[in-house]
Amino acid sequence: MAPTKEIVRVAALGDLHHGKNAVQGSLQALFSQITEAADILVLCGDLTDYGQAEEARLLARELTATVKIPTVAVLGNHDYEAGQEAEICKILEDAGVAVLDGDSAEFHGVGFAGVKGFCGGFGRRALGPWGEKIVKEFVREAVDEALKLESALARLRTSRLVAVMHYSPIQATVEGEPPEVYAFLGCSRLEEPLGRFPVSAVFHGHAHHGQPEGRTAANVPVFNVSYALMRELFPERPFRLVDIDMRPVAEAPAERRRGMDRRATDRTEVTK
């Protein structure tokens, strides 16, 4: 789809943890606000609380009743808890959500590549594939998720790319959580593909008490959009809102041209 807008506004949110005891309609005010503010909605995993299809059906009803913009999602670790992740994907897809797992999608000229991601730690402290077989398998899962992300990014032919995941690719956005659990909140192996493509923004969840934003070594902006964190920082608008500048470089304002390799501007105002 060719871009038709100069600015595409993306709303991002993760960790809804929508449970089977949730009150019907409890998300409609939030989703209405998102629909009015954004062109695209991104959901960053842990959409359900216990990974049950019943929970996904309740969430799908909330989405179809209120959300009138394209929606992209990845699953999180909670969505795998009951072994019903395939059914959850189908329920959400039937509700019009593009659920990505090593896949890509394009809306309004912006390409989205999505994976769940995995844990393993960051930088020198990242777990290496050495020792027992189960440790090697654990590390292999993170490597496989990074390869899936790279393949999804490589398939996109849009000039603006957005990466969506549940686990964090950098340590900066999980800081604030207990240091002992950093390794279970993300993995720097997910960061490696981001530096090989012109990614405008990265969204993830999972770190409920982490930091709202950081940058990769290649200066790609990374946003932690966990719902708990968004409600704490932005109680009047508890989601991240980021503008993707679709204009050719020559037409962009000078401040945008200086950062033309990323082309994303945060539109969320900190109210805390």
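See the structure above.
Calculation notes
- Residues numbered from 1 in each chain as written.
- Predicted model: local features only at pLDDT ≥ 70, side-chain atom pairs only at ≥ 80, totals over all residues.
- Heavy atoms only, no water.
- Helix = DSSP H or I, 4+ residues; strand = E, 2+ residues; numbered from the N terminus.
- Contact = heavy atoms within 4.5 Å.
- Pairing = 2+ DSSP bridges.
- Axes fitted to C-alpha atoms, helices over the stretch in contact; angles between N-to-C directions.
- Phe/Tyr/Trp six-rings, centres within 6.5 Å; stacked < 30°, edge-to-face > 60°.
- Buried < 20%, exposed > 50% of the residue type's maximum accessible area, 1.4 Å probe, protein only.
- Lys NZ or Arg CZ within 6 Å of the ring centre and 35° of its normal.
- Arc of directions from axis to C-beta.

Turning to the environment of Ala-264, a few remarks are in order. Position of Ala-264 relative to the elements: it lies in strand 12 (residues 264-266). As for Ala-264 and Arg-9, which are separated by 255 residues in sequence, their C-alpha atoms are 9.4 Å apart. Filtering out sequence-adjacent residues up to four positions away, Ala-264 remains in contact with Ser-200, Ala-201, Val-242, Asp-243 and Ile-244.

With that settled, the discussion passes to the sheet that holds strand 1 (residues 7-13). Reading across from one edge, 4-3-2-1-11-12 is the order of the six strands in this open sheet, with mixed pairing throughout. Bordering the open sheet on either side are strand 4 (97-99) and strand 12, each of which pairs with just one other strand. Going from strand to strand, the sheet's axes swing by 25° on average, the running direction of each strand aside. As defined by bridge partners, strand 3 (residues 71-74) adjoins strand 4 across three bridges and the pair is classed as parallel. Residue pairing in the sheet places Ala-73 in a bridge with Val-99 of strand 4. In the packing of helix 1 (residues 28-37) onto the sheet, the strands contacted are strand 1, strand 2 (40-44) and strand 11 (240-245), and the crossing angle to strand 1 comes to about 160°.

Right, let's get into the packing of aromatic side chains. The description of an aromatic ring pair rests on the distance of the ring centres and on the angle between the ring planes. Under the criterion given, the structure shown has three aromatic pairs. Between the aromatic rings of Phe-118 and Tyr-167, the centroid separation amounts to 6.1 Å while the plane-to-plane angle is 55°, which identifies the pairing as tilted. With Phe-118 in the loop between strand 6 (110-114) and helix 4 (133-155) and Tyr-167 in the loop between strand 7 (160-164) and strand 8 (199-204), the pair connects residues that are 49 residues apart, well separated along the chain. Comparing Phe-118 with Tyr-167 shows no difference in burial state: the two are buried. Each residue in the set Phe-118, Phe-138 and Tyr-167 is aromatic and connected to the rest through ring pairs, giving one cluster. Its end group placed over the ring of Tyr-80, Lys-116 keeps NZ or CZ at 5.5 Å from the ring centre. The ring of Tyr-227 carries the charged tip of Arg-231 above its face, separated from the ring centre by 4.3 Å.

What follows is about helix 3 (residues 85-94). Inspection of helix 3 places Ile-88, Cys-89, Ile-91 and Leu-92 among the buried residues, and these make up the whole buried set. Buried residues along helix 3 cover an arc of 165° about the axis, so they all sit on one side. Turned more than 90 degrees off the buried face of helix 3, the exposed positions are Ala-86 and Asp-94. Buried-residue contacts for helix 3 involve helix 2 (53-66) and strand 4. Of the residues trailing helix 3, Gly-96 is marked for its positive phi of about 95°.

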